[in-house]
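# Structural characterization, general
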Amino acid sequence: FSPQLLSGTPEQKKRLFTILQTYLAQIASIVERGQKAKAFQPDVSSTAIAKQFIGMLMPAAFLWFLSGGKYDVQKHADETWSVLSKMIHEDHGGK
């Protein structure tokens, strides 16, 4: 979000990219365990769900930062998690 991050050195960008890739892989692993336990839709890509999860968090952090800490992150999380949860749970949509 900061100019320093966006204009960082190639090494800094590579390090951040690696950190985010590792985080995505860890989330995907958790999703796969949930799929094996039949808690999540088995036919949805675990990496896609992990990306959706990250995509749910990043705007909240950005909006909170831009609002000087006034943005309601909890409300954002509740709303976005509700949608993501319905998409990934095994029993969603009357299946």
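Everything below is about the structure printed above this text.
Predicted, not measured: the structure shown is a model, and the values here were computed from it. (Residues numbered from 1 in each chain as written. Predicted model: local features only at pLDDT ≥ 70, side-chain atom pairs only at ≥ 80, totals over all residues. Heavy atoms only, no water.)

Attention now moves to helix H3 (residues 46-66). Here H3 spans 31 Å end to end across 21 residues, near enough to the 30 Å set by a 1.5 Å rise per residue. All of the buried residues along H3 are Ser 46, Ile 49, Ala 50, Ile 54, Met 56 and Ala 60. Buried residues of H3, seen end-on, are gathered within an arc of 150° and therefore sit on one face of the element. Turned more than 90 degrees away from the buried face of H3 sit Lys 51, Phe 65 and Leu 66, all of them exposed. Along its buried surface, H3 packs onto helix H2 (10-36) and helix H4 (73-88). (Helix = DSSP H or I, 4+ residues; strand = E, 2+ residues; numbered from the N terminus. Expected span 1.5 Å × (residues − 1). Buried < 20%, exposed > 50% of the residue type's maximum accessible area, 1.4 Å probe, protein only. Arc of directions from axis to C-beta. Contact = heavy atoms within 4.5 Å.)

This part covers the nonpolar core. One finds Leu 24, Ile 27, Ala 28, Val 31, Phe 40, Ile 49, Ala 50, Ile 54, Met 56, Leu 84 and Ile 88 forming the largest nonpolar core, which totals 11 residues. Of all elements in the fold, only H2, H3 and H4 reach the threshold of two or more residues within this core. In contact with Ile 54, other than residues within four places in its own chain, are Tyr 23, Leu 24 and Ile 27. (Core = buried A, V, L, I, M, F, W, Y, C linked by side-chain atoms within 4.5 Å.)

Distances and angles like these do not, on their own, reveal function.
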